[in-house]
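Structural characterization, general
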Amino acid sequence: MAFRILTTALLGAHNLINLCLKAKRPAPANFNFCSSVSAVAATKGGFVPEELPAELSYSQGMGYARSKLVTEHICMLAAKKTGISARVLRVGQVIGDTVHGIWNENEAIPLMLQAATTIGAIPALDENPLWLPVDTVAHGITDISLSNAGGGVMNIVNHQSFHWTRDLLPALHATGLEFEEVGQKEWVDRLRNSNPNPVVNPPIKLLEFFASKYDNNNTKRPGLTYDTRKARSFSPNLADAPILNNDLVSKFIQHWKSTSWTANPAGKAHVATRQPHLVVLAGPCGSGKSTLAQGLAEKFHVPWIEGDNLHSPASLTKMTNGEALSDTDRWAWLSKIKDAAFVQLKMETFKSNAQDVVIVTCSALKAEYRADLRKIVEQGVVVTFFTLQTGLATLKTRMAERVGHYMKVEMLEGQVEILEGPGVKETDIIPVDVGRERVLVQREVDALFEDVTGRSAKSWQVQV
Amino acid sequence: MRVIRSLRARSLYHDLPLTARAKIVALPSNFGDVRLGLDEETYSRVSSEITSLIHCAWSVNFNLGLGSFETDCIAGKKLHAIF
């Protein structure tokens, strides 16, 4: 049995390593296998070096951990036999990213923290975690993969720990989260006696797992020490890995509060409340805003406002004369667009069965113009921007093909010059490569439009 | 579309520049196959240009036994290659 498993495993790794060996370059491609600390979590002696564990029994008992350990051995065997740079990157607990704080709410730790809102308590553990944000891990793995490191094992965990009760819990309190700090056994008891409905009380889903870990008096958990010197020497990002702080913790909490931790006292399945939705097709002249908007409007039966029709006569004269618009002209224009969109959305809500979505085409070249349009959010409207992107050459060709448009080709250069790409916080933007075949672009935009608005072309057709 | 949806769910897509997005190629594959489930031309192109391979796809199911990982993970499912 053990042999059969090993040979099958070897076959799979063999195929991948073969691919690296076939590289038609002076050296084979390097091979980077992401393993898990669970492969060595039962290490005796408390210290985990950056090498294969001395005993196979050092892995956790579950199949997941054992399969990782088997593959670690395959990698090191390949390195020895072929000279390939095969690296085992042993990753520990990964947490949300440092920019947006996005962390899957259904994982064990997020569920433990969510217990603050459902049972009003978080256990006061005596643990020193070595968590790493997911973006730090990703940068670390890329650093090492692109480095000149030879084959070998590296531990991808934080080299600086923090204390669960002395550091994490105060950071949680600082976000305004209210909860009691209780002993681990009491916490499991409270969870066991709490609402069994996982919709209202998600942490109950992992009751068995939490009980196996914490329903005991074994409060002293010294944890393992990991050597990380090799990993840090090849990765500047791991060497500078951030340690958990109030800022990071508040990003996670904000993320969960705005997504999954919403109050649902009735315990009913989540019913999407239909919020009015403004979809802006943005991009310079020639990027195909109107064509795409027309396609969407017909397919999804959604009203479409052509932003260009809302320019004041004075602005139109300016543009016809090849004169650029001033910011004052633009603010007035954006304000008109918002008003028109809002009025249209109001009208849509009066129609029966109408899911109120409205499309607006508007260049929205600068971040501040988008920020201005985004203010409609304050009136309870959800906004999504599709920014249509392509090179200047493509835009010029398309403009030259047009007849009777007020925009001059020369003005296009001015538009592209002031064009500002999406900022890191502008997560309501979906960029679209419009340099491709029109059919492909429309298909992609259709699918994404369906994703964000929840409106389906099919259901509309049935209604007809 | 799966790649776009996955990147969007993590807020990684909106500010990825056009040139960076153009480098992403997703190929349905099967690691259990000697040619990874790719057609000959694709396999030959990948193998001639590859410089680095990151194997980071794995089933996260703690209830499975070791045997279950043979085909899905160790034999493989996804390929993430950097050119």
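By convention here, each chain's residues receive numbers from 1 onward along its written sequence. Labels follow written order: the first chain is A, the first ligand is 1, and so on. Reporting of local features is limited, given that this is a predicted model, to residues whose pLDDT is at least 70; pairs of side-chain atoms are given and counted only at 80 or more, and all residues count toward the totals for whole chains, interfaces and linings.

Moving on, we come to the overall build of chain A. The number of helices and strands found in chain A is 18 helices and 14 strands. For chain A, the spread of C-alpha atoms along the principal axes amounts to about 80 × 65 × 45 Å. With C-beta atoms placed from the backbone, the exposure class of a residue follows from how many other C-beta atoms lie within 10 Å of its own: 20 or more, buried; 12 or fewer, exposed; in between, partly exposed. Within chain A, the fraction of its 464 residues that count as buried is 38%. Placing a C-beta atom from the backbone of each residue, one calls two residues in contact when those atoms lie within 7 Å. Put simply, of all contacts in chain A between residues at least 6 apart along the chain, 79% involve residues at least 24 apart. Numbering of helices and strands starts at the N terminus; helices are DSSP runs of H or I of at least 4 residues and strands are runs of E of at least 2.

Counting its regular elements, chain B contains 4 helices and 2 strands. For chain B, the sequential pattern of α-helices and β-strands runs α-α-α-β-α-β. Out of the 83 residues in chain B, the part that is buried amounts to 23%.

Further remarks concern the nonpolar core. Residue and element names in this part refer to chain A. The biggest cluster of nonpolar side chains holds 71 residues, and the ones touching the most others in it are C20, F31, C75, L89 and I156. In terms of residue count, helix α2 (residues 63-82) provides more of this core than any other element does, 8 residues in total. Formed by 38 residues, the second largest nonpolar core is a distinct cluster that contains A282, W333, I359 and I376. A set of buried residues drawn from Ala, Val, Leu, Ile, Met, Phe, Trp, Tyr and Cys, joined through C-beta atoms within 7 Å, is what defines a nonpolar core.

This part is about the domain arrangement of chain A. For chain A, the assigned domains read domain 1 (28-258) and domain 2 (277-463). Throughout the structure description, domain borders are defined by an automatic or database domain assignment. Centre-to-centre, using C-alpha coordinates, domain 1 of chain A lies 43 Å away from domain 2 of chain A.

Below, the discussion takes up the environment of H301(A). As for its position among the elements, H301(A) is in the loop between α11 (289-300) and β11 (304-306). Taking the C-alpha atoms as reference points, H301(A) and T291(A), 10 residues apart in sequence, are found 15 Å from one another.

Turning to the packing of helix α6 (residues 184-192) of chain A against helix α7 (residues 207-214) of chain A, a few remarks are in order. Residues and elements named next belong to chain A. Axes here refer to lines fitted to C-alpha atoms; in helices the fit is confined to the stretch in contact. Angles between the N-to-C directions go from 0 to 180 degrees. Between α6 and α7, the shortest axis-to-axis distance is 9 Å and the interhelical angle comes to 160°. By the angle between their axes, α6 is roughly antiparallel relative to α7. The interaxial crossing formed by α6 with α7 has left-handed handedness. Note on element contacts: α7 touches α6 through L207, F210, A211 and Y214, opposite Q184, K185, W187, V188, L191 and R192. Within the contact of α6 with α7, the residues separate by chemical class into 7 nonpolar, 1 polar and 2 charged. Angles are sorted into four bins: roughly parallel if under 35 degrees, roughly antiparallel if over 145, roughly perpendicular if 65 to 115, and oblique for all others. Rotating anticlockwise by less than a right angle from the far helix to the near helix defines a left-handed crossing, while the corresponding clockwise rotation defines a right-handed one. Amino acids are sorted into nonpolar (Ala, Val, Leu, Ile, Met, Phe, Trp, Tyr, Cys and Pro), charged (Asp, Glu, Lys and Arg) and polar (every other residue, Gly among them).

Below, the discussion takes up unusual backbone geometry. Although it is not a glycine, A364(A) sits at a positive phi angle of roughly 40°. Residue placement: A364(A) occurs in the loop between β12 (357-361) and α14 (367-374). Among the residues examined, A364(A) registers 29 C-beta atoms within 10 Å and is labelled buried. One non-glycine residue, S11(B), lies in positive phi territory at about 55°. Turning to its location among the elements, S11(B) is positioned in the loop between α1 (2-9) and α2 (18-21).

On to the sheet that holds strand β10 (residues 277-282) of chain A, then. One key point about sheets: their strands pair by backbone hydrogen bonds, in either a parallel or an antiparallel sense. Residue and element names in this part refer to chain A. With respect to topology, 5 strands assemble into an open sheet ordered β11-β12-β10-β13-β14, the strand pairing being parallel. Whereas interior strands pair on both sides, the edge strands pair on one side only; in this sheet they are β11 and β14 (429-433). Taken over all neighbouring pairs, the strand axes of this sheet differ in orientation by 20° on average, direction set aside. With respect to the sheet, helix α17 (residues 438-453) is in contact with β10, β12, β13 (382-389) and β14, its orientation differing from that of β14 by roughly 165°. Whether two strands pair depends on DSSP finding at least two bridges between them.

With that settled, the discussion passes to helix α4 (residues 134-145) of chain A. All names here are of chain A. Multiplying 1.5 Å by the helix residue count minus one yields the expected span of that helix. Relative to the 16 Å expected for 12 residues at 1.5 Å per residue, α4 spans 16 Å between its end C-alpha atoms, a close match to the ideal helical length. Looking at α4, one finds that the buried residues are T136, V137, G140, I141, I144 and S145. For α4, the arc enclosing every buried residue in end-on projection is 165°, short of the 170-degree limit, so these residues lie on one face. What the arc covers is the set of directions going from the helix axis to the C-beta atoms.

We now examine the packing of helix α15 (residues 392-401) of chain A against helix α16 (residues 409-418) of chain A. Residues and elements named next belong to chain A. Axis separation between α15 and α16 bottoms out at 10 Å; the angle between their running directions is 150°. When the interaxial angle is binned, α15 and α16 end up roughly antiparallel. In this structure, α15 crosses over α16, and the sense of that crossing is right-handed. Only V409, L412 and V416 of α16 make contact with α15, whose side of the interface consists of L392, L395, K396, M399 and A400. When its residues are assigned to classes, the contact of α15 with α16 shows 7 nonpolar, no polar and 1 charged.

Right, let's talk about the environment of N128(A) for a bit. Residues and elements named next belong to chain A. Tracing the sequence through the fold places N128 in the loop between β5 (121-123) and β6 (132-133). Taking the C-alpha atoms as reference, N128 lies 5.6 Å from S161; in sequence the two are 33 residues apart. Those residues in contact with N128 that lie beyond four places of it in its chain are S161, F162, H163 and G223.

This part takes up the pairing of strand β1 (residues 30-36) of chain A. Within β1(A), 7 of the 7 residues are buried, which leaves it mostly tucked inside the rest of the structure. The alternating pattern of β1(A) places N30(A), N32(A), C34(A) and S36(A) on one face and F31(A), F33(A) and S35(A) on the opposite face, and all of these are buried. Sheet topology places β1(A) next to strand β1 (residues 52-55) of chain B; 4 bridges connect them, and they run parallel. Along β1(B), the bridge assignment pairs F33(A) with H55(B). Across 6 bridges, the pairing between β1(A) and strand β3 (residues 86-91) of chain A is parallel. If you follow S35(A) over to β3(A), its bridge partner there is R90(A).

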